[in-house]
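# Architecture and fold: a report
Single-letter residue listing:
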Amino acid sequence: MVSLKDAKSYMHVDHDDDDELINQCISAAEEYLLGAIGDSYDGTSERARMLTLMVVSDLYDNRGTTERASVKTRAIVENFAQQMRLELRRAENNVST
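To start, this report covers the structure provided alongside it.

How each quantity is defined
- By convention here, each chain's residues receive numbers from 1 onward along its written sequence.
- The model is predicted, so local features are restricted to residues of pLDDT at least 70 and side-chain atom pairs to those at 80 or more, both for listing and for counting; the totals for chains, interfaces and linings are taken over all residues.
- To obtain the side-chain values, all non-hydrogen atoms of the structure were included, while hydrogens and water were left out.
- Working definition: helices are DSSP H or I runs of at least four residues, strands are E runs of at least two. Numbering for both runs from the N terminus.
- Categorising residues by exposure relies on relative accessible area from a 1.4 Å probe, with only protein chains included: less than 20% of the type maximum marks a residue as buried, more than 50% marks it as exposed, and the intermediate range marks it as partly exposed.
- By the convention used here, residues are in contact when the closest approach between their heavy atoms is within 4.5 Å.
- One less than the number of residues in a helix, times 1.5 Å, gives the span that helix is expected to have.
- Note that the arc is computed from the directions linking the helix axis to the C-beta atoms.

Our focus in this paragraph is the environment of S40. With respect to the secondary-structure elements, S40 resides in the loop between α2 (19-37) and α3 (46-61). Among the residues examined, S40 registers a relative accessible area of 44% and is labelled partly exposed. Sequence-distant contacts of S40, that is, excluding residues within four places in its chain, are made with L88 and E92.

Now the structure itself:
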């Protein structure tokens, strides 16, 4: 789980005006990743934490628009999510065999 403090530090936000919005972005990012990867992924890994921070930052930076979304960030997020999905499938197959 990413904290508000971690997200603000990652995004270089040094004011409290957007705390509620950033918390909403954190919740949305975590829900997005659960849907994209699966509910049994390890959300405590450093990769999952970084992925969450990247999604939070993208949501925060591009709020209110759909045209400005970072293509590079979206590609990285999808690549990370795909890696984690594959690892979950491998782990599930190893357990069931």
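Don't stop here, the text continues.
For the rest of this paragraph, the subject is the side chain of R85. Counting through the fold element by element, R85 comes out in helix α4 (residues 71-96). Excluding its chain neighbours within four sequence positions, the residues that come into contact with R85 are A36, I37 and E78.

Right, let's talk about α2 for a bit. Compared with the 27 Å implied by 1.5 Å per residue over 19 residues, the 27 Å span of α2 between its first and last C-alpha is a close match. Burial in α2 covers these residues: D19, I22, C25, I26, A29, E30, L33, A36 and I37. Relative to the axis of α2, the buried residues are bounded by an arc of 135° and lie together on one face. Across from the buried face of α2, at angles greater than 90 degrees, the exposed residues are E20, E31 and G35. G38 sits one or two positions beyond α2 and adopts a positive phi of about 125°.

Geometric descriptors of this kind do not, in isolation, establish any biological role.
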